Amino acid sequence: MKRYSIFYLAMAVLLLTGCKSEVFMYSSFHEPATDGLRFLTSKDGIHWDSIPGTWLTPAVGKQRVMRDPSIQPTPDGTFHLVWTSSWRGDLGFGYASSKDLKHWTKEEFIPVMTDTTTVNVWAPELFWDDTRREMMVIWASCIPGKFPRGIEEEKNNHRLYYTTTKDFKTFSPAQLLIDPGFSCIDATLVKRGERDYVMVLKDNTRPERNLKIATAHDPRGPWSSAGPAFTEKLTEGPATVRVKDGWIVYYDRYGNKDFGAAFTKDFKTFEDWSQKVSIPPLHKHGTIFKAKPCVVKELSR
C-alpha cells in the first residue's frame, strides 16, 4: 500500500504541469510474460515507480507471451507497440497501437521472416527514423547454417535484422542490419546527432553475454565493429534515456535478477550508476519513451 500511495502522490504532482510537459515511461513485463504489458514512470529518468495493473494481454503468436515490449510514439501522437510473441516457432512479432496507452487496437501478428528454417524472432525494437519519416523494426533471428557457426550452436547463432514501415500495414522485406561476427541479440538504437547513430547490442556468445556498442552514419548501416563490453556478464535488454548532459543505459542483470545502469557522455567511457538508480522489483526489460503527465494519470484511474 505504501508503494501505491507514493505512486498516486507522484501523479498528483505531475498533474500540476498539465499536458504540456512530458515524463519518462518504461514498458515492462513480469515473468512468465503471460499477463501482459506493464509500465514504470519517472520524472527524471533515474528514479522509477510502477504503475499498477496490466494494459494489454497477449493474444497472438504460438505461445501467446508478451516479452520485450517496445513502444515508440510517432509525430501524430500514436504509440506503437511491438513484442516477442513466442520463444521459438514464430516468424514475426506482435503489434498494437494506442493514443492513450490504455486503449489498444486489436492485436496483430506481423510476419517478417520468409525463410521457414528461421528458429525465432526475438526482441523487436522500434526506432523512429526522423530523416526518412518511417519506423524501423529491429529484431534478432537465428537461421541455422546462414552464418559461420563460431562457438554457438546452430540454433543459437543470431544476427540482427530490420524492416521499415510508414503505416504498419506494408513493410519492406527483412534485411540484415549487422553481422558483428558473433551471435547477437537485443539491439536498441539512439540518434545522437546528424548522421550520428549508436547501437547498444548484446553479445550473446557463451563467454560474453554482455553489452557492447556499435556506431553508424545511417540507422540502416553500415555499422562499425562492436566495441568492448561495458557491462558484466549475464546482462541483456538495454534501454537508453537522455538525462542532463549524458545518457543512461539500463540493462537487465538476469543473473542477479535485478537491474543495472551505466552513465555515459560519449558511449565510449561508462560509469556504473547501478546504485544511483531505482527500479521496482519484478520489472523486466522493455524500452523507454516519453508521454504527457495527463496520459499517465489516466492509467491510474
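Keep in mind the model is a prediction, meaning the values are calculated, not measured. (Residues numbered from 1 in each chain as written. Predicted model: local features only at pLDDT ≥ 70, side-chain atom pairs only at ≥ 80, totals over all residues. Heavy atoms only, no water.)

Colleague: What exactly am I supposed to notice about the environment of L101 here?
Modeller: You can see L101 is positioned in the loop between β6 (92-98) and β7 (108-111). Separated by 80 residues in sequence, L101 and S21 have C-alpha atoms that sit 17 Å apart. Setting aside residues up to four positions removed in sequence, L101 forms contacts with M25, F39, W55, I71, F79, F289, A291, V295 and L299. (Helix = DSSP H or I, 4+ residues; strand = E, 2+ residues; numbered from the N terminus. Contact = heavy atoms within 4.5 Å.)

Colleague: What is the right way to read the side chain of T264 from this model?
Modeller: Note that T264 resides in strand β17 (residues 258-264). Ignoring sequence-local partners within four residues, the contact set of T264 consists of G246, W247, T269 and F270.

Colleague: Sorry if this is basic, but what is going on with the layout of surface pockets here?
Modeller: Picture a little ball the size of a water molecule; that probe, rolled over the atoms, points out where space is still empty. Size it by volume and the largest pocket reaches roughly 740 Å³. Forming the walls of the largest pocket are 26 residues, and the residues nearest its centre are Q72, F127, L189, I288 and F289. Looking at the lining of the largest pocket, the elements with two or more residues in it are β4 (67-73), β8 (122-129), β12 (184-193), β15 (236-243) and β19 (288-291). Across the lining of the largest pocket, the residue classes break down as 14 nonpolar, 6 polar and 6 charged. For the second largest pocket, the calculated volume is near 340 Å³. Taken together, 18 residues make up the lining of the second largest pocket; nearest its centre are W87, W122, I185, K202 and E236. Where the lining of the second largest pocket is concerned, the elements lending two or more residues are β4, β8 and β12. Along the lines of polarity and charge, the residues of the lining of the second largest pocket split into 5 nonpolar, 4 polar and 9 charged. (1 Å grid on protein atoms, 1.4 Å probe; cavity = no way out; pocket = protein on both sides within 12 Å on 5 of 7 lines; lining within 4 Å. Points joined across faces, edges and corners; volume = space filled by probe spheres on them. Nonpolar A, V, L, I, M, F, W, Y, C, P; charged D, E, K, R; others polar.)

Colleague: What should I look at first to understand the nonpolar core in this one?
Modeller: Soluble, globular proteins show a tendency: their nonpolar side chains are buried together. One finds M25, L37, F39, L56, I71, L101 and W104 to be the most contacted residues of the largest nonpolar core, which totals 21 residues. Elements with a minimum of two residues in this core: β1 (23-28), β5 (79-84), β19 and α2 (293-299). Not counting the four nearest positions on each side in its chain, L37 is found in contact with S27, S28, G53, T54, W55, L56, M66, P69, I71, L81 and W104. By size, the runner-up hydrophobic cluster in this structure holds 20 residues, among which are W122, M136, I138 and A140. (Core = buried A, V, L, I, M, F, W, Y, C linked by side-chain atoms within 4.5 Å. Buried < 20%, exposed > 50% of the residue type's maximum accessible area, 1.4 Å probe, protein only.)

Colleague: Help me understand empty space enclosed by the protein, please; the structure alone is not making it clear to me.
Modeller: A full pass over the atoms with the stated rule returns 1 cavity of 30 Å³ or more. Roughly 90 Å³ of internal volume is contained in the largest cavity. In terms of lining, the largest cavity is formed by 14 residues, of which the most central are D68, A123, E125, G237 and P238. Counting residues per element, the ones that place at least two in the lining of the largest cavity are β4, β8, β12 and β15. Here the residues of the lining of the largest cavity are counted per class, giving 5 nonpolar, 6 polar and 3 charged.

Colleague: Explanation requested: the state of the cysteines in the structure shown.
Modeller: A covalent bond between the sulfur atoms of two cysteines is what we call a disulfide. A complete count under the given rule lists 0 disulfides for this structure. Cysteine C184 is unpaired, with the sulfur of C142 as its nearest cysteine sulfur at 11 Å. Using a relative accessible area of 0% as the deciding quantity, one classes C184 as buried. (Disulfide = S-S within 2.5 Å.)

Colleague: Please clarify how the sheet that holds β4 should be interpreted in this entry.
Modeller: In any sheet, the strands associate via hydrogen bonds between backbone groups, in a parallel or an antiparallel arrangement. Here we have 4 strands laid out as an open sheet, ordered β4-β5-β6-β7, and antiparallel in their pairing. Two strands bound the open sheet, and with one partner strand each, they are β4 and β7. On average, adjacent strands in this sheet sit at an angle of 30° to one another, irrespective of strand direction. Relative to β5, β4 runs antiparallel, the two being bridged by 5 bridges. Residue P73 lies in a different strand from β5, and its bridge partner there is F79. (Pairing = 2+ DSSP bridges. Axes fitted to C-alpha atoms, helices over the stretch in contact; angles between N-to-C directions.)

Colleague: Is there a simple way to explain the environment of R133 in this structure?
Modeller: Looking at the secondary structure, you find R133 in the loop between β8 and β9 (134-142). Linking R133 and K202, residues 69 residues apart in sequence, is a C-alpha distance of 27 Å. Beyond its immediate stretch of four places on either side in the chain, R133 contacts P75, W128 and K166.

Colleague: Explain the sheet that holds β17 to me, please; I cannot follow it from the model alone.
Modeller: As summarised here, the arrangement of the 4 strands in space is β15-β16-β17-β18, forming an open sheet in which the pairing is antiparallel. The open sheet has two edge strands, β15 and β18 (271-272), and neither has a second partner.

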